[in-house]
Amino acid sequence: MTQDRFPDPERLAQRIVLGERAAVASGLNLLDNTLPEARARAARLLAALSGERWLTGGHIVGVTGPPGVGKSSLLAALIREWRATGRTVAVLAVDPSSRPEVGGGALLGDRLRIKSAAHDDGLFIRSLASRNQLGGVSTEVWPMTWLLLTCFDLVVIETVGVGQTEIDIADISDTVCFVAQPASGDTIQYIKSGIMEIPDIFAVNKADMGSSANKTASDIGRIGSRPDRQHDWEYPVCLVSATHHSGIDQLVNHIDRHREYLAGSGSLDLLRSRHQRGWVLRLLQDEFGSFGIAIAGGRSALEARMSEHRLSQFSEYQNARNAIISRFVSAD
Ligand SMILES: Nc1nc2c(ncn2[C@@H]2O[C@H](COP(=O)(O)OP(=O)(O)OP(=O)(O)O)[C@@H](O)[C@H]2O)c(=O)[nH]1
Ligand SMILES: [Mg+2]
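Undergrad: Explain the pattern of salt bridges here, please?
TA: Two side chains of opposite charge can pair, provided their charged atoms sit close to one another. All told, the structure shown has 12 salt bridges when counted by the stated rule. Residue Asp219 pairs with Lys215 through a salt bridge whose shortest N-O separation is 2.9 Å. Here Asp219 and its partner Lys215 are both found in helix H11 (residues 211-222), four residues apart, which amounts to about one turn of the helix. Accessibility expressed as a relative area gives 52% for Lys215, which makes it exposed. Bridged by salt links that share partners, the residues Asp8, Glu10 and Arg44 form one connected network.

Undergrad: Just checking my understanding: could you explain the confidence of the model for the chain for this structure?
TA: Interpretation of this model should avoid reading the predicted coordinates in detail wherever pLDDT is low. Taken as a whole, the chain shows an average pLDDT of 83; of its residues, 83% reach a score of 70 or greater. Taken element by element, the predicted model of the chain shows its lowest mean pLDDT in helix H1 (residues 2-5) (59) and its highest in helix H12 (residues 248-264) (97). Here residues 98-103 is a poorly scored stretch, pLDDT under 50, and it has six contacts once near neighbours within four places are set aside; other chains count.

Undergrad: Quick question: what am I supposed to make of the coordination of the magnesium ion (ligand 2) here?
TA: Reference values for coordination geometry: four tetrahedral donors around a metal ideally subtend 109.5 degrees, six octahedral donors ideally subtend 90 or 180 degrees. Ser72 (OG) and Glu158 (OE) make up the full set of protein donors to the magnesium ion (ligand 2), lying at 2.1 to 2.3 Å. With Ser72 in helix H6 (residues 71-84) and Glu158 in strand E4 (residues 154-160), this pair connects stretches of sequence that are 86 residues apart. Taking relative accessible area as the criterion, Ser72 reaches 7% and is therefore assigned buried. With a relative accessible area of 6%, Glu158 lands in the buried category.

Undergrad: Got a minute to help me understand the packing of helix H3 (residues 21-31) against helix H4 (residues 36-49) in this structure?
TA: Two quantities define a packed helix pair, namely the angle between the helix axes and the distance between the axes. Look at H3 against H4: their axes get within 8 Å of each other, and the N-to-C directions meet at 130°. Taken together, the axis directions place H3 and H4 in an arrangement best described as oblique. Crossing angle aside, the handedness with which H3 passes H4 is left-handed. Where H3 approaches H4, its residues Gly27, Leu30 and Leu31 are matched on the opposing element by Ala38, Arg41, Ala42, Leu45 and Leu46.

Undergrad: Honestly, the packing of aromatic side chains in this entry has me stumped. Any pointers?
TA: According to the stated counting rule, one finds eight aromatic pairs in the structure shown. Aromatic pair Trp54 and Trp146: ring centres 5.8 Å apart, planes at 85°, arrangement edge-to-face. Taken together, the residues span a long stretch of sequence, with Trp54 in helix H5 (residues 53-56) and Trp146 in helix H8 (residues 141-149) at a distance of 92 residues. Where Trp142 meets Phe314, the ring centres are 4.5 Å apart and the plane angle is 35°; that geometry is what we call tilted. Within this pair, whereas Trp142 is found in helix H8, its partner Phe314 is found in helix H15 (residues 313-330), the two being separated by 172 residues in sequence. There is no split in this pair, since Trp142 and Phe314 are both buried. Joined through ring pairs, the aromatic side chains of Trp54, Trp142, Trp146, Trp279 and Phe314 make up one cluster. Positioned over the ring face of Trp279 is Arg282, at 4.5 Å from the centre of the ring.

Undergrad: Sorry if this is basic, but what is going on with the pairing of strand E1 (residues 59-65) here?
TA: Successive side chains on a regular strand alternate, one facing one side of the sheet and the next facing the other. With seven of its seven residues buried, E1 lies for the most part within the structure. Residue alternation in E1 divides its side chains into two sets, His59, Val61, Val63 and Gly65 and Ile60, Gly62 and Thr64, and both sets are buried.

Undergrad: Just checking my understanding: could you explain helix H13 (residues 268-295) for this structure?
TA: Since the α-helix advances by 3.6 residues per turn, residues separated by three or four positions end up pointing in the same direction. Over its 28 residues, H13 runs only 31 Å from end to end, short of the ideal 40 Å by more than 12%, given 1.5 Å per residue. Directly beyond the C-terminal end of H13, a positive phi value near 115° is found at Gly297.

Undergrad: How should I be thinking about the packing of H6 against H12 in this particular structure?
TA: Direction vectors running N to C along H6 and H12 enclose 80°, while the axes themselves pass 10 Å from each other. By the angle between their axes, H6 is roughly perpendicular relative to H12. Together, Leu74, Ala77, Leu78, Glu81 and Trp82 of H6 and Ile248, Asp249, Leu251, Val252 and Ile255 of H12 make up the contact between the two elements. For the contact of H6 with H12, a count of residues per class yields eight nonpolar, no polar and two charged.

Undergrad: What is the right way to look at unusual backbone geometry in this model?
TA: Glycine aside, residues mostly have negative phi, and peptide bonds are mostly found in the trans state. A positive phi angle, close to 65°, is found at Lys206, a residue other than glycine. Within the secondary structure layout, Lys206 lies in the loop between strand E6 (201-204) and H11. Of note in the backbone geometry, His245 takes a positive phi value of approximately 50° without being a glycine. When you line up the elements, His245 lands in the loop between strand E7 (237-239) and H12. Accessibility expressed as a relative area gives 35% for His245, which makes it partly exposed.

Criteria and cut-off values
Residues numbered from 1 in each chain as written. Chains lettered and ligands numbered in written order. Predicted model: local features only at pLDDT ≥ 70, side-chain atom pairs only at ≥ 80, totals over all residues. Heavy atoms only, no water. Salt bridge = Lys/Arg side-chain N within 4 Å of Asp/Glu carboxyl O. Helix = DSSP H or I, 4+ residues; strand = E, 2+ residues; numbered from the N terminus. Buried < 20%, exposed > 50% of the residue type's maximum accessible area, 1.4 Å probe, protein only. pLDDT = per-residue confidence, 0-100. Contact = heavy atoms within 4.5 Å. Donors = N, O, S within 2.8 Å, 3.2 Å for Na, K, Ca; no water. Axes fitted to C-alpha atoms, helices over the stretch in contact; angles between N-to-C directions. Parallel < 35°, antiparallel > 145°, perpendicular 65-115°, else oblique. Left-handed = near helix turned anticlockwise from the far one by under 90°. Phe/Tyr/Trp six-rings, centres within 6.5 Å; stacked < 30°, edge-to-face > 60°. Lys NZ or Arg CZ within 6 Å of the ring centre and 35° of its normal. Expected span 1.5 Å × (residues − 1). Nonpolar A, V, L, I, M, F, W, Y, C, P; charged D, E, K, R; others polar.

Put into structure tokens, the structure is as follows:
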């Protein structure tokens, strides 16, 4: 049983790269499994999948915002637009069902009436249980994103976030789109107080609700650019209505434009490799603490190694982990 319990990673990788739906699902399951045997195979799977595409291919888009603002509805509208132009899309939706319903939100699948998506090979949606209270990005999301990046044009992560949890989404996405709601003063407060990093794009949804949407958009626009993430990107604020399907094409354009901006300024691969390094260090820190990081050679040595081996961050992570564990074991 143990032999067949997990798929052969190298064969699985070949099927994933071809976008085979069952293989993608099985790869994600493997990455989500914490048994030691599964972890070893997951590391092999990621090593087999790694390549240039991780540096400059595809587009990782984070969609975040407070509960009930219409993130799933908006994403459903974006997906229709993307699919209409033949682009393939994978979504990791952090499932809000484990927290109290605040805005009457529903899973993306419901919003899309997803039965038809099962017949669309260019669309893949996986809901993940929210594993930390604030709905931020949990650790499995990182390798899952990179797996999906090998076979879809767009990889979108939907998370619920207010304030500090956006830091997570900004640490994994090329482009962060924050969805706000008309008359939501707290968004503006968060930005002003510096709790929230400025996203790359703001979408004020429910524009069909009238003038309050315009006011919210201009309030957000007035905050002005703060060069937190990229230096000369002026964040756009767009008015959209997911239910009326208005403003969606502009939002699609802004998302594309941001990717072009990153690629054109040479910052896309730098951003990605910085994100990868950040995740490796965070995982090691979570698992072994600062002491573990010191055992593995220290933060700057690890960073230097990872910068040198930009296509094999997962292997570097695994190596550092093994080095730490073997030191713990031999210290016994
Ligand atoms: N009037 C109006 N209502 C909208 C619009 N978009 C979404 N809604 C409604 O807002 C509610 C929440 O929509 P969701 O798409 O589930 O919001 P969400 O942000 O994904 O919610 P969570 O994932 O629970 O945080 C639903 O009742 C939607 O019908 C819009 O453009 N206009
Ligand atoms: Mg939702």
